[in-house]
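As a plain string of letters, each chain reads:
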Amino acid sequence: MPGLLRGVARTAVVAGTATAVSNRVSRRQAGRWAQQDYERQQAYQQQAAPAPSAPPPPPTPAPSAQTTTADDMSSKIDQLKQLGELKAQGVLTDEEFEAQKRRILA
């Protein structure tokens, strides 16, 4: 009987050690995978973030039927310059640029 108890005890120690080692390896590997997932997620978010673009110009009030003054002309010129810059940056398409230009000059 003592030989049988010794064999059972040895088996229990080996099985317990194997379980402890297996659990430790599993936790370590899970930590590595979690870190890799986090790094991938950060890289994806950086790639997916769109570059900030310039906001569209605020709408301007329609010109009145009164005579055009020097201030009105400089205001229109400034607006046309802003439109040109937005078109050069690629914010406005050619059609949008022409429509806004006609609206300003009308």
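Given the structure is predicted, the values throughout are model-derived calculations rather than measurements. (Residues numbered from 1 in each chain as written. Predicted model: local features only at pLDDT ≥ 70, side-chain atom pairs only at ≥ 80, totals over all residues. Heavy atoms only, no water.)

Draft legend 1. Quick look at the overall build of the protein chain. Counting secondary structure elements, the protein chain contains 3 helices and 0 strands. Counting from the amino terminus, the protein chain carries its helices and strands in the arrangement α-α-α. Among the 106 residues that make up the protein chain, the fraction classed as buried is 7%. (Helix = DSSP H or I, 4+ residues; strand = E, 2+ residues; numbered from the N terminus. Buried < 20%, exposed > 50% of the residue type's maximum accessible area, 1.4 Å probe, protein only.)

Draft legend 2. Local environment of the pattern of salt bridges. Per the stated rule, a full pass over the model turns up 3 salt bridges. Asp-94 is the salt-bridge partner of Lys-87, the closest N and O atoms lying 3.4 Å from each other. (Salt bridge = Lys/Arg side-chain N within 4 Å of Asp/Glu carboxyl O.)

Draft legend 3. The arrangement of the nonpolar core in detail. With 5 residues, the main nonpolar core is built from Leu-83, Leu-86, Leu-92, Phe-97 and Ile-104. Elements with a contribution of two residues or more to this core: α2 (70–89) and α3 (94–105). Excluding residues that lie within four positions of it along the chain, Phe-97 makes contacts with Leu-83, Gly-84, Lys-87 and Leu-92. (Core = buried A, V, L, I, M, F, W, Y, C linked by side-chain atoms within 4.5 Å. Contact = heavy atoms within 4.5 Å.)

Draft legend 4. Seen up close, α2. Helix length check: α2, at 20 residues, gives a terminal C-alpha distance of 29 Å against a target of 28 Å (1.5 Å per residue), a fit within 8%. Among the residues of α2, those classed as buried are Lys-76, Gln-79, Leu-83 and Leu-86. The arc enclosing the buried residues of α2, seen along the axis, measures out at 85°, which places them on a common side. For α2, the exposed residues set more than 90 degrees away from the buried face come down to Ala-70, Asp-71, Lys-81, Glu-85, Ala-88 and Gln-89. Packing partners of the buried residues in α2 comprise α3. Following α2 by one or two positions, Gly-90 adopts a phi angle in the positive range, close to 90°. (Expected span 1.5 Å × (residues − 1). Arc of directions from axis to C-beta.)

Draft legend 5. Structural context of a positive patch on the surface. A contiguous patch of positive charge, built from Arg-24, Arg-27, Arg-28 and Arg-32, is present on the exposed surface. Relative to the elements of secondary structure, Arg-32 occurs in helix α1 (residues 2–48). (Patch = residues over 30% accessible without salt bridge, like charges linked within 9 Å, V, L, I, M, F, W, Y side chains within 5 Å. Areas by Shrake-Rupley, 256 points an atom, 1.4 Å probe, with all protein chains shown as cover. Lys, Arg positive; Asp, Glu negative; His and termini not counted. Charge placed at Lys NZ, Arg CZ, Asp CG, Glu CD.)

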